[in-house]
Amino acid sequence: MLMFKRGGDKGLTMITVSIPDKYAKALSALGDVQAAVDLALQRYTIEQITAKIAQLRQRAQMYEAKYGMDYPTFAQRIAGDESFVREIETAVNPLWELDTADWEFCVKGITDWIHTLQAILLT
Amino acid sequence: MDPHAPGYFADVIQLARVTFTNVEVEIDATPARALLRIQARYGPYRIFITEVSDEGGCKYRYYALLENEVVVGFDNSPDPRALRLKYGQIGEEHIGEYIPHLHRENKTQLVLTEELTCADFVHWLNQQLPLQG
């Protein structure tokens, strides 16, 4: 097993990971192990973030269908219109406060992950 | 994300597991915010807890329902009815402001409160809706 240590340089975090022999040997034969691990990490992270964004989008769309509007419109109306709140509580969901917290998390979470993805892709 | 959020969420989950039954936990996080959702049973009551930790602080929702009726609901959402109660009118400058408040009687009563934690909610349940046996 090859121990792989990174650290010290700007933009790197000190961390130790182990690479199974079978991968270390194969990657060594194919070229630079460091470059291969960097590329693999980038691809895996992008894949995970993309899946997370899709999940959050699906949840946000579920709320859009439930309340019949997008989040900014809903947030604006729910914050300032008492008759709208009463209508929602009667006709859609008396626990709209729970949905709102999750919906906002989804919408802002999508932005968080897009920024993270851009930071990975642009550096 | 608030660095204290994971520890606080762990405490809330532990408290929920010792207080409620049928506890279902969902956690989600991004680099900037974290979400905790819990559904559980407390005797005949259905419990719904949501906490979000982000740049704006902590948003909380603590609800107990008996069948489909809201027996109690503590939250700090920017409910316009809470805004009116606090400021007398819904001014533009206060829209979106977190207002801690309490719903009773299937949301027909609303009173302002101090900020609460999940521990405060559990304490309230133990005092106001004690379970027999």
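What counts, and at which threshold
Residues numbered from 1 in each chain as written. Chains lettered and ligands numbered in written order. Predicted model: local features only at pLDDT ≥ 70, side-chain atom pairs only at ≥ 80, totals over all residues. Contact = placed C-beta atoms within 7 Å. Helix = DSSP H or I, 4+ residues; strand = E, 2+ residues; numbered from the N terminus. Axes fitted to C-alpha atoms, helices over the stretch in contact; angles between N-to-C directions. Parallel < 35°, antiparallel > 145°, perpendicular 65-115°, else oblique. Left-handed = near helix turned anticlockwise from the far one by under 90°. Nonpolar A, V, L, I, M, F, W, Y, C, P; charged D, E, K, R; others polar. Domains from an automatic or database assignment. Core = buried A, V, L, I, M, F, W, Y, C linked by C-beta atoms within 7 Å. Buried ≥ 20, exposed ≤ 12 C-beta atoms within 10 Å, placed from the backbone. Pairing = 2+ DSSP bridges. pLDDT = per-residue confidence, 0-100.

## Side note on the interface of chain A and chain B
Each partner contributes to the interface: chain A provides 19 residues, whereas chain B provides 24 residues. Take the side of chain A that touches chain B: its biggest share by element is 11 residues, from helix α5 (residues 96–121) of chain A.

## Re the packing of helix α2 (residues 33–67) of chain A against α5 of chain A
Residue and element names in this part refer to chain A. The N-to-C vectors of α2 and α5 enclose an angle of 155°; their axes lie 9 Å apart at closest approach. Taken together, α2 and α5 sit at an angle that is classed as roughly antiparallel. In the crossing of α2 with α5, the sense of the turn from one axis to the other is left-handed. Residues Gln-42, Thr-45, Ile-46, Ile-49, Lys-52, Ile-53, Leu-56, Arg-57, Arg-59, Ala-60 and Tyr-63 of α2 touch α5, and the partners they reach there are Asp-99, Trp-103, Cys-106, Val-107, Gly-109, Ile-110, Trp-113, Ile-114, Thr-116, Leu-117 and Ile-120. For the contact of α2 with α5, the residue count by class is 14 nonpolar, 4 polar and 4 charged.

## Here we look at the domain arrangement of chain A
Each assigned domain of chain A is listed here: domain 1 (1–31) and domain 2 (34–121). One C-alpha centre belongs to domain 1 of chain A, the other to domain 2 of chain A, and the line joining them spans 35 Å.

## Concerning the nonpolar core
Counting 37 residues, the largest nonpolar core has Ala-60 and Cys-106 of chain A together with Leu-36, Ile-49, Tyr-62, Cys-118 and Phe-121 of chain B as the members making the most contacts within it. Broken down by secondary-structure element, the contributors of at least two residues to this core are α2, α3 (71–80) and α5 of chain A together with α1 (5–19), β2 (34–42), β3 (45–54), β4 (57–66) and α3 (118–128) of chain B. If you tally residues by element for this core, the top one is α5 of chain A, at 7 residues. In contact with Tyr-62 of chain B, other than residues within four places in its own chain, are Ile-49, Phe-74, Asp-75, Leu-116, Cys-118 and Phe-121 of chain B.

## Considering the sheet that holds β2 of chain B
What holds strands together in a sheet is hydrogen bonding between their backbones, with the strands either parallel or antiparallel. Overall, antiparallel pairing links the 7 strands, which are arranged β1-β2-β3-β4-β5-β6-β7 (chain B) in an open sheet. Looking at strand neighbours, the two that pair on one side only are β1 (21–29) and β7 (109–112) of chain B, the edges of this open sheet. For this sheet, the mean inter-axis angle between neighbouring strands, taken without regard to orientation, is 10°. Contacts from α5 of chain A reach β1, β2, β3, β4 and β5 (69–75) of chain B within the one sheet, and its direction differs from that of β3 of chain B by about 30°.

## Quick notes on the environment of Asp-102 of chain A
Relative to the helices and strands, Asp-102 of chain A resides in helix α5. What makes Asp-102 of chain A buried here is the crowd of 21 C-beta atoms within 10 Å. With residues up to four places along the chain from it excluded, the contact list for Asp-102 of chain A reads Leu-35, Arg-37 and Thr-50 of chain B.

## Re the confidence of the model for chain B
The pLDDT averaged across chain B works out to 94; a share of 99% of its residues lies at or above 70. Reported confidences for the modelled complex are a pTM of 0.91 and an ipTM of 0.94.

## Concerning the environment of Ile-114 of chain A
Relative to the elements of secondary structure, Ile-114 of chain A occurs in helix α5. As for Ile-114 of chain A and Ile-49 of chain A, which are separated by 65 residues in sequence, their C-alpha atoms are 8.2 Å apart.

## A look at the pairing of β3 of chain B
Residue and element names in this part refer to chain B. Counting buried positions over the 10 residues of β3 gives 7, a clear majority of the element. With 9 bridges joining them, β2 and β3 adopt antiparallel strand pairing. Within the sheet, the bridge partner assigned to Gln-39 lies in β3 and is Phe-48. Taking the residues that link successive antiparallel strands as the turn, the β2-β3 hairpin has 2 residues, and the phi of Gly-43 there is positive, at about 55°. Pairing of β3 with β4 involves 10 bridges; the strand directions are antiparallel. Residue pairing across strands places Phe-48 opposite Tyr-63, the latter belonging to β4. Between β3 and β4, which pair antiparallel in sequence order, lie 2 residues.

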